Amino acid sequence: MLETRYRAARALPLGAQTRSAPTGSGVSVRPAGAEARFSLRARLAKGAAPKLAGLALDAPINTVGTDGEVWLARLGPDEWLIGGPEADADLLQGRFHDALAGVPHSLVDVSHRNVGIDVSGRQAAAVLNAGCPLDLSETAFPPGSATRTLLGKSEIVLIRASAAPLYRVECWRSFSTYVHGLLNEAVFGVEGPAAH
Amino acid sequence: MLLIACPNCGKRPETEFRCGGQAHIARPADPMAVDDGGWSEHLFVRANPKGVHAERWCHIHGCGRWFNALRDTISDRFVETYPIGEQPKSGVKPGTILGPNSATQSETRA
């Protein structure tokens, strides 16, 4: 997108730290850049469910759909978390409001509330399981799963969009240093100190 | 870790849940007809059975929705979970004391 609309400047709480590329059993824990995110609450009428960015709202609970840019995670019967490129935040909001015309809903921009952390690598699930009691095996948490859960003491949204061992951890901004620290500690536990 | 079967999300770890006390407490249909004693019963007096107990639970760190559950207060086993506004299907009455080997919903569910 060429035009840039007015957005409050955002200092990322975790900076642009990056761990070195995965080596051996390597797991990389990388803070994601700024993104647009929306919290949508709506009660769906039976039958016709509107689509947002081509993604169905009535997908099963705890699944995520993506069109490459925008992702839509259904967290509960009436709750969705939507993510998209930072520059498109205002455009997306308008587009969603149009798509939801006639449906009573609440669409709130939570871009500044959430911080994303990408956990990738063959042992990514083991790293997450250091703080998250969820079963992350292929059958229990297949690609396309997304759910709100806990990581240690912090509430997170865990998203697995593709078959690759890449998990997105979305947490609240004030929890992000804790979550990031916990994940980095867990990498030590999985890889062992020799890898560093 | 104890797994609780949320009606929306399936079996999830217990730390994601909060208990909301006794279920199926209906507000009196005609409040003006209830005397002070009746109100205090309605507001404050709760059952505390040994055995199966009907409770409200909230999947607060998951789908965020409330549901009902039958839980055995002796063994902490969940006999059944069911949506708000419905009655239990398993036929186990609150106050029943279960045998040690009775299968429960969350254990028989695949």
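Treat the numbers as computed from the prediction; the structure is a model and nothing was measured.

When its secondary structure is counted, chain B shows two helices and six strands. Ordered by position from N to C terminus, the α and β elements of chain B give β-β-β-α-β-β-β-α. Based on the C-alpha atoms only, the size of chain B along its principal axes is roughly 50 × 30 × 20 Å. Burial statistics for chain B: of 110 residues in total, 22% are counted as buried.

This brings us to the overall build of chain A. A tally of helices and strands in chain A yields three helices and 12 strands. Counting only residues that meet the buried cut, chain A has 33% of its 196 residues in that class. Across chain A, contacts joining residues at least 24 apart in sequence account for 62% of those joining residues at least 6 apart.

Turning our eyes to something else, we now look at the sheet that holds strand β6 (residues 78-83) of chain B. Residues and elements named next belong to chain B. In space, the four strands of this open sheet follow the order β3-β4-β5-β6, with antiparallel pairing throughout. For this open sheet the edge positions go to β3 (18-22) and β6, each flanked by a neighbour on one side alone. Each neighbouring strand pair of the sheet contributes to a mean axis angle of 30°, computed without reference to strand direction. Examined bridge by bridge, β3 and strand β4 (residues 52-58) share three bridges and lie antiparallel to one another. Residue pairing for β4: cysteine 19 is matched across the bridge by tryptophan 57.

The next thing to look at is the interface of chain B and chain A. Contacts between the two partners involve 11 residues from chain B, matched on the other side by 13 residues from chain A. Here the side of chain B that touches chain A is built from residues that sort into four nonpolar, five polar and two charged.

As a further point, take unusual backbone geometry. Across the chain, the bulk of peptide bonds are trans and the bulk of non-glycine residues have phi less than zero. A positive phi angle is found at alanine 53 of chain A, which is not glycine, with a value near 50°. In this fold, alanine 53 of chain A is placed in the loop between β3 (51-52) and β4 (55-56). Despite not being glycine, histidine 24 of chain B shows a phi value in the positive range, around 60°. Along the chain, histidine 24 of chain B turns up in the loop between β3 and α1 (36-44). A count of 11 C-beta atoms within 10 Å places histidine 24 of chain B in the exposed class.

A separate point is the pairing of strand β7 (residues 79-85) of chain A. All names here are of chain A. Burial runs high along β7: five of the seven residues are buried. Pairing of strand β2 (residues 35-42) with β7 involves seven bridges; the strand directions are antiparallel. Considered in β7, the bridge of alanine 36 is made with glycine 84. As paired elements, strand β6 (residues 71-76) and β7 share five bridges and run antiparallel to each other.

The next subject is the environment of cysteine 19 of chain B. All names here are of chain B. Positionally, cysteine 19 belongs in strand β3. In this structure the C-alpha to C-alpha distance between cysteine 19 and isoleucine 60, which are 41 residues apart in sequence, comes to 9.7 Å. Setting aside its immediate chain neighbours within four residues, cysteine 19 contacts Glu55 and Trp57.

What follows covers helix α3 (residues 176-191) of chain A. Residues and elements named next belong to chain A. The terminal C-alpha atoms of α3, which comprises 16 residues, lie 22 Å apart, in line with the 22 Å expected from a rise of 1.5 Å per residue. Buried within α3 are the following residues: Ser176, Val179, His180, Leu182, Leu183, Ala186, Val187 and Glu191. Along the axis of α3, the buried positions cluster into a sector of 160°, meaning they face one direction only. Against the buried residues of α3 lie β1 (28-31), β9 (114-120), α2 (124-128), β10 (145-151), β11 (154-160) and β12 (166-172).

Core analysis: the biggest nonpolar cluster contains 55 residues, and Ala73, Val119, Val169 and Leu183 of chain A have the highest contact counts within it. When residues of this core are assigned to their parent elements, the largest contribution, five residues, is made by α3 of chain A.

Structurally, glycine 26 of chain A is set in the segment before β1. In the structure, glycine 26 of chain A is positioned 126 residues away from glycine 152 of chain A in sequence and 22 Å away in space, judged by C-alpha atoms.

A separate point is the confidence of the model for chain B. Chain-level statistics for chain B give a pLDDT mean of 88 and a share of 90% at 70 or above. Per the prediction output, this complex has pTM 0.86; the corresponding ipTM is 0.83.

We now examine the environment of alanine 53 of chain A. Residue and element names in this part refer to chain A. The exposure class assigned to alanine 53 is partly exposed, which follows from the 18 C-beta atoms found within 10 Å. Put simply, alanine 53 and arginine 95 are 42 residues apart on the chain and 8.1 Å apart in space, counted from C-alpha to C-alpha. Excluding anything up to four places from it in sequence, alanine 53 contacts Asp67 and Val70.

Rules and cut-offs
- Along every chain, residues carry numbers that run from 1 in the direction the sequence is written.
- Labels follow written order: the first chain is A, the first ligand is 1, and so on.
- For this predicted model, a pLDDT threshold of at least 70 governs which residues receive local features, and a threshold of 80 or more governs which side-chain atom pairs are given and counted, while totals over whole chains, interfaces and linings are taken from all residues.
- Strands are runs of DSSP state E lasting at least two residues, helices are runs of H or I lasting at least four, and both sets are numbered from the N terminus onward.
- Exposure in this text rests on C-beta crowding, where 20 or more other C-beta atoms within 10 Å of a residue's own make it buried, 12 or fewer make it exposed, and counts in between make it partly exposed. The C-beta atoms are placed from the backbone.
- We call two residues in contact when their backbone-placed C-beta atoms lie within 7 Å.
- A pair of strands is considered paired only if DSSP assigns at least 2 bridges between the two.
- Under this scheme, a helix contributes an axis fitted over its contacting stretch, all axes are lines through C-alpha atoms, and angles between N-to-C directions fall in the 0 to 180 degree range.
- As a working rule, the residues Ala, Val, Leu, Ile, Met, Phe, Trp, Tyr, Cys and Pro are called nonpolar, Asp, Glu, Lys and Arg charged, and the rest polar, with Gly in that last group.
- What a helix is expected to span follows from its residue count: subtract one and scale by 1.5 Å.
- Working definition: the arc comes from the directions between the helix axis and the C-beta atoms, pointing outward to the latter.
- As used throughout, a nonpolar core is a set of buried Ala, Val, Leu, Ile, Met, Phe, Trp, Tyr and Cys residues joined through C-beta atoms within 7 Å of each other.
- A residue's pLDDT is simply how confident the predictor is in it, with values from 0 to 100.

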